[in-house]
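Below, each chain spelled out in residue letters.
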Amino acid sequence: MDSGDDIEDVSLFDADDDVSRRSKKSKIRHPVASFFHLFFRVSAIIVYLLCELLTSSFIACMVTIILLLSCDFWAVKNVTGRLMVGLRWWNQVDDDGRSHWVFEARKVSAQGGKTSSEAESRIFWLGLITCPMIWVIFAFSALFSFKVKWLAVVVMGVVLQGANLYGYIRCKVGSRKNLTSMATSYLGKQFLRQRTFKLIYPTPAIDRDTFHQTRVLRALANLALDTGVALGCPLRALSSQDHKISQDSHQQHSKMELYGYPLKAKFNQPQPSPPKALPATSTVASNYKNCIPCHSESFSTPWMPNSYYKTAALNPTLAPLTENFPGLPPTKIVPFISEKPNSVFTRHTLDDWHRSNMTNYKESETTRHNAERLRADLNRAIKDVYQQAKRTQGESTRNLGERVNDIEYWKSELCIELDAMIRETNSLADMQKRLERALADTEGPFQVAHKCLLHREKRMGIDLVNDDVEKQLVTEIKIIKSCRERLQQCLDTVNSQLMSNKEARQELEKDLADKQMGHHIDSKCYQLKNTSRDIHFFKGVERIDATVSVPETWARFTDNNIFRSQSARAASAKLRASTESLLMGTADEMWRQFSKVNDAFTSRITEIANAKSKIQTHLAKTRQEIFQIETKIQVIQKTIKDKEAQLKVAQTRLDERTRRPNVELCRDAAQIRLVQEVNEINETLRNLHQCLRASEDMLQMLVRSKGVLEQDLVVKNNSLFIDQERCMGMRKSYPSTVQILGYVSAGLT
């Protein structure tokens, strides 16, 4: 891909730019760029040569050389080439993902803008060409000396610096074809220049024979001038005007005006196509008489374009040769009729008679010679007509063959693209089925999550809480709804893309059918010959123009169909990739949430089971304590009864002793002890009654706690049944990853 209409040329060969060098400046306009153009590459070579003397570490040397080579590659590619010689190259990627290499040269302004100096050009090309050659020498040296570890470093140098050299040569010459033709043109131009000067400009010692040879060469040059362009020969103006030949002069001038230099890399301007018309038969016959014919195999000589030379006309004259060639002695004109005698005569002389006969002979010979020439011209004309008809028919046949080849090429391209489109459409249809299955398989998890929420609403009492399981179930429902919406949108997009693919496929099939019909017709026309049976006259058929396209629009139509199909395939492949990513993402997202819900259920079930176990433990302990309290109450009641019997005995004794007479009512020790005993027994009974009431109160509290524990145990059993049996039992039927990805249907598993 070359850019620009005008290109500033920087010569690659010093011998060809003598004229342009006079106008270039020898001053270095970019000293910093010139310095770094040579600094990095020369430093890399020096480090490679002296690395074993500087250090024994191969890694350090290798890293240093690669860094210097990388810096040199970047500097030469992006900076010095643009500043020093006005060339640059890079790679770009278009919207279709195709990579293109771009080679550009600086445009020349109409006012004659700045050009690169001669010194900078020499520095640039010298460093650009010499250093890769040195690395090539290093490569052979490392290879033959079996230094395998250094071979990779040397190859890196050859690749990096060779890439810049190739890129800038492409920028200079324009294309690979011009790259080879430039060297050929240079050698061919030098050879033709030497041969032309040797033939046209003879040595100073000029005699009459040499002079006549020079005139013959001039006639050949004029003949080439008249017929060379018409026949498509690469010969150009070799004629000259007023050859000045002198014995002491070795120079001969030719009036040939130079309009361009054939070695310039003008690859951005197309070379004008050579004329195809042949001259008339009489012109060819007259011009080819006693002349060497021009060979047409040099028709495509690339180094001598038509637009670079302008020929000078040579007008014939009847003046003596001495006027055009003053170095020759004057010629004497012999009179045709002798001078008349003084006397008058009435008869012809014998000389007149012989002269008349000779004149008749010459006229007869001239007439016969003209007749022979006419016959030769007629034979040549017949041969030329036959050759022209044969050549015309051959060109038509060749054009038909090329047309058949073009149709075959586009047929193969259409077949390849059609097969690719069919495969892509089938793949997209499979993806559509997967999407439909995946969308259908998400309905089951959604219903399971919804039923789990409904079942958990049946929990009782304190267990009816908004726990983590509840939150995860709500999140799971939201995620499943989001996945279903995205899958539905993707399914709609896939359906639309399938319609686009089918339309592109129909266009390809229609174009392929037209190509097959056209190929059949053109193949039949290509095989027709003069001896074929099914050929007829169709008068006026050449005046009927039933064409609807030209080769450019014909090829562009198929190319556009292929391009549309490729665009549709690219969009389809991208959609399939995004759909696959969506399926993987939704499956992963749903499975992650499914695992979170299951983990929450497991954790909650574990908590409820632990709580149930603790309640059962506390209930057992409470029952045991109730039993013990009841036993203690019975013991206290029995003790109270026993103490009441002792109190009765003590009070009976005191009562009986109150019946003692008179002085016998003595407050003796027995009386005192009985009183103390009654008081002690009353105090004991009072304490026992308090303990009995406290035990009975505690027994009531234990019974109440027992009821609470039993009710809580019922609640925990109910919650555990809902979470463990109902919810987790339903979640065991959750679809697998293969089902969520749409590979198989839920009914097949």
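Description of the structure in this document. What you see is a predicted model; the values in this text were computed from it and never measured.

## What about the packing of helix α2 (residues 31-54) against helix α5 (residues 148-173)?
Geometry of a packed helix pair, given as the angle between the helix axes and the separation of the axes.
Working step 1: The geometry of α2 relative to α5 is characterised by a closest axis approach of 12 Å and an angle of 170° between their N-to-C directions. Between α2 and α5, the angle falls in the class roughly antiparallel. Residues R41, Y48, C51 and E52 of α2 touch α5, and the partners they reach there are W150, V154 and Q161.
Working step 2: Class assignment for the residues of the contact of α2 with α5 results in four nonpolar, one polar and two charged.

## Observations concerning the nonpolar core
Working step 1: In terms of nonpolar packing, the biggest core is built from 21 residues, with C452, V469, L473, I477, F601 and C727 touching the most fellow members.
Working step 2: Listed by contribution, the elements that provide at least two residues to this core are α11 (443-456), α12 (468-527), α13 (551-657) and α14 (669-731).
Working step 3: Those residues in contact with C452, other than ones at most four positions away along the chain, are L473, F601, C727, M730 and R731.
Working step 4: The next biggest cluster of nonpolar side chains, apart from the first, holds 20 residues, and it includes F40, A44, V47 and A142.

## Remarks on unusual backbone geometry
Working step 1: One non-glycine residue with positive phi stands out, namely F146, at about 60°.
Working step 2: Position of F146 relative to the elements: it lies in the loop between α4 (118-144) and α5.
Working step 3: F146 sits in the exposed class, given a relative accessible area of 71%.
Working step 4: Of note in the backbone geometry, N662 takes a positive phi value of approximately 35° without being a glycine.
Working step 5: Structurally, N662 is set in the loop between α13 and α14.

## A short note on a nonpolar patch on the surface
Working step 1: Taken together, the side chains of L38, V42, I46, L49, L50, L53 and L54 make up a nonpolar region of the molecular surface, amounting to roughly 660 Å² of accessible area.
Working step 2: Mapped onto the fold, L38 is located in helix α2.

About the thresholds
Residues numbered from 1 in each chain as written. Predicted model: local features only at pLDDT ≥ 70, side-chain atom pairs only at ≥ 80, totals over all residues. Heavy atoms only, no water. Axes fitted to C-alpha atoms, helices over the stretch in contact; angles between N-to-C directions. Helix = DSSP H or I, 4+ residues; strand = E, 2+ residues; numbered from the N terminus. Parallel < 35°, antiparallel > 145°, perpendicular 65-115°, else oblique. Contact = heavy atoms within 4.5 Å. Nonpolar A, V, L, I, M, F, W, Y, C, P; charged D, E, K, R; others polar. Core = buried A, V, L, I, M, F, W, Y, C linked by side-chain atoms within 4.5 Å. Buried < 20%, exposed > 50% of the residue type's maximum accessible area, 1.4 Å probe, protein only. Patch = residues over 30% accessible without salt bridge, like charges linked within 9 Å, V, L, I, M, F, W, Y side chains within 5 Å. Areas by Shrake-Rupley, 256 points an atom, 1.4 Å probe, with all protein chains shown as cover. Salt bridge = Lys/Arg side-chain N within 4 Å of Asp/Glu carboxyl O.

Read these as spatial facts, not as claims about activity.
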